[in-house]
Amino acid sequence: MPRPIKATINVAHLKHNLAFVRSRVGNASIFAVVKANAYGHGVERAARAFSAADGLALLEIDAAVEMRAAGYAKRIVLLEGVFDVADLHTAAAHDLALVVHSAEQLRMLDAAPPAARYDVLLKVNSGMNRLGFTPHAAGIALAQLKNHRVVCNLTLMTHFASADGAHGVAWQTQEFERVAHGHGLARTLANSAALLRYPDTHADWVRPGIMLYGCSPFADLTAAQLGLKPAMTLASELIAVRTLAAGERLGYSGTYVAPAAVRVGIVACGYADGYPRHAPTGTPILVGGRRTCTLGLVAMDMLAVDLSSMPEAHVGTPVTLWGEGLSADEVAASSGTVSYELLCAVAARVPIVEV
Ligand SMILES: *Cc1c(COP(=O)(O)O)cnc(C)c1O
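Residues numbered from 1 in each chain as written. Predicted model: local features only at pLDDT ≥ 70, side-chain atom pairs only at ≥ 80, totals over all residues. Heavy atoms only, no water.

Attention now goes to the site of the ligand. As a structural note, the neighbourhood of the ligand is formed by 13 residues, with Lys35, Tyr39, Ser192, Ile210 and Tyr340 the closest of them. Arg207 is positioned such that a nitrogen or oxygen atom in its side chain is 2.9 Å from a nitrogen atom of the ligand. Classifying every residue of the shell around the ligand gives seven nonpolar, four polar and two charged. (Near = heavy atom within 4 Å. Polar contact = N/O pair within 3.5 Å; in protein donor to acceptor, adjacent residues only side chain to side chain. Nonpolar A, V, L, I, M, F, W, Y, C, P; charged D, E, K, R; others polar.)

Written out as structure tokens, the structure reads:
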């Protein structure tokens, strides 16, 4: 029998979340963001579930080529563009749209195969200060791209730094619109948080990621409150149960000391499966569908849970690490991270089952 851990992907929930996006964005087109193996859900599976989207956005060119090989015919955009001229050949051969965010990438386009034609998204740095041209430089790049022999379709793009937080998006949209004004080009701005909180940013293409997988982009609003359904459930089982006497210690470094007799369960899931090692004692977890918490340090292959209030729990009792019944957002918050990181970190050794 295989080790009992598995990640279940609920395809109906992926579809529900996409339909939810559709209901919010009206006529705007949707790039379903499927980078990082579709936030751990499997890019091919996600593309199938998101067949009603208008395109896919990711940054791994191999995965993009695989999607074409699997017959995906809509737009596919490479969110970091190309890394070298060889990528330009691949992109042309598979009709991949390119983000152009740097002077280096502009120069690469000059070396593109003469017969190639590219669908280009010019990235404007409106305040995130990672990738993109400043508004001034973007104006110059735009003039070049408009007349470029290999560019057949141009879209303007920017990305928000604080669509989920107090700084909002107005300061960035202002910068972006300075570039976009008067050109009549298609525009794309919104990630999940902006899509939900700032309908003014929907423009021509929205780029939802995390919400499609059923997690919340906001710290102060749960996915359930938003109407999203968790697509991934990471589940395992108890593989041992024991009772600690008062004063006995648990696990590596003995960080947890039993204050009285405590019944504990050992779960077949650890940080080598993608569970966060930083999850402290007290992180929520479901045992037999009921809520309890972790105890002590998360190890590579195991973690411990409190069974004090669960005399019925035994070896083989199912455990939900996150997903259906316990949001990954909550586990992430307890562990000082975000659900994005948990979903992406599910390890290759964890089998994925589709329902
Ligand atoms: C990852 C990413 C998104 C999606 O962001 P979410 O917060 O997951 O919705 C959108 N645009 C770009 C450029 C990205 O890199």
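Quick look at the nonpolar core now. Judged by nonpolar contacts, the single largest core of 115 residues is most densely connected at Phe50, Leu109, Tyr118, Tyr213 and Trp322. Looking at this core element by element, the count peaks at six residues for helix α1 (residues 11-25). When residues of this core are sorted by domain, at least three fall in each of domain 1 (11-216) and domain 2 (232-354). In this structure, Trp322 is in contact with Met232, Thr233, Leu234, Gly274, Tyr275, Pro276, Ser327, Ala328, Val331, Leu342, Leu343 and Val346, ignoring residues within four places of it in sequence. Grouped together as the second largest cluster of nonpolar side chains are eleven residues, Leu244, Leu250, Ile266 and Cys293 included. (Core = buried A, V, L, I, M, F, W, Y, C linked by side-chain atoms within 4.5 Å. Buried < 20%, exposed > 50% of the residue type's maximum accessible area, 1.4 Å probe, protein only. Helix = DSSP H or I, 4+ residues; strand = E, 2+ residues; numbered from the N terminus. Domains from an automatic or database assignment. Contact = heavy atoms within 4.5 Å.)

By definition, a disulfide links two cysteine residues through a covalent bond between their sulfur atoms. In total, this model carries zero disulfides according to the counting rule given. The thiol of Cys269 is unpaired, and the distance to the nearest cysteine sulfur, on Cys293, comes to 15 Å. Its sulfur unpaired, Cys344 is 10 Å from the next cysteine sulfur, which belongs to Cys215. Judged by relative accessible area, Cys344 falls into the partly exposed class, the value being 37%. (Disulfide = S-S within 2.5 Å.)

Moving on: the packing of aromatic side chains. Two numbers describe a pair of aromatic rings. These are the distance of the centres and the angle of the planes. Under the definition given, this model contains five aromatic pairs. Taking 6.0 Å as the distance between ring centres and 35° as the angle between the ring planes, the aromatic pair formed by Tyr39 and Tyr340 counts as tilted. Linking Tyr39 in helix α2 (residues 35-39) with Tyr340 in helix α12 (residues 339-345), this pair joins segments that are 301 residues apart in sequence. With relative accessibility at 5%, the residue Tyr39 sits in the buried group. Relative to Trp322, the ring of Tyr275 lies with its centre 6.1 Å away and its plane at 20°, an arrangement referred to as stacked. Residue Tyr275 is located in the loop between β13 (262-267) and β14 (284-287), and its partner Trp322 is located in strand β17 (residues 318-322); the two are separated by 47 residues in the primary sequence. Judged by relative accessible area, which is 0%, Trp322 ranks as buried. Three or more aromatic residues joined by ring pairs make a cluster, and in this case those are Tyr39, Phe50, Tyr213 and Tyr340. (Phe/Tyr/Trp six-rings, centres within 6.5 Å; stacked < 30°, edge-to-face > 60°.)

Attention now moves to helix α5 (residues 85-93). For an α-helix the count is 3.6 residues per turn, leaving residues at separations of three or four pointing the same way. Within the sequence span of α5, burial applies to Asp87, Leu88 and Ala91. Along the axis of α5, the buried positions cluster into a sector of 105°, meaning they face one direction only. Residues of α5 that are buried sit in contact with α4 (61-69), β5 (97-100), α6 (103-110) and β6 (118-123). In this structure Asp84 caps α5, since a side-chain oxygen of it lies 3.2 Å from the backbone nitrogen of Ala86. Asp95, located one to two residues past α5, shows a positive phi value of around 55°. (Arc of directions from axis to C-beta.)

Here the focus is the pairing of β5. Strand residues, when the strand is regular, have side chains that alternate between the two faces of the sheet. Neither face of β5 is open: one carries Ala97 and Val99, the other Leu98 and Val100, and all of them are buried. Across two bridges, strand β4 (residues 75-78) lies against β5 in parallel orientation. Within the sheet, the bridge partner assigned to Leu78 lies in β5 and is Leu98. Read from β4 through α5 to β5, the crossover connection turns out right-handed. Here β5 runs beside β6; their pairing, made up of three bridges, is parallel. Bridge pairing in β6 links Val99 to Leu121. (Pairing = 2+ DSSP bridges. Right-handed = clockwise from strand over helix to strand, strands pointing away.)

Apart from glycine, the bulk of residues carry a negative phi angle, and the bulk of peptide bonds sit in the trans form. Unlike most non-glycine residues, Asn37 shows phi in positive territory, near 50°. On the secondary structure map, Asn37 appears in helix α2. Asn37 sits in the partly exposed class, given a relative accessible area of 41%.

The alternating pattern of strand β16 (residues 303-306) places Leu303 and Val305 on one face and Ala304 and Asp306 on the opposite face, and all of these are buried. Bridging between β13 and β16 involves four bridges; their strand directions are antiparallel. For Gly265, the partnering residue across the bridge sits in β16 and is Val305. The pairing of strand β15 (residues 290-295) with β16 spans two bridges and is antiparallel. By the bridge assignment, Leu295 is partnered in β16 with Ala304.

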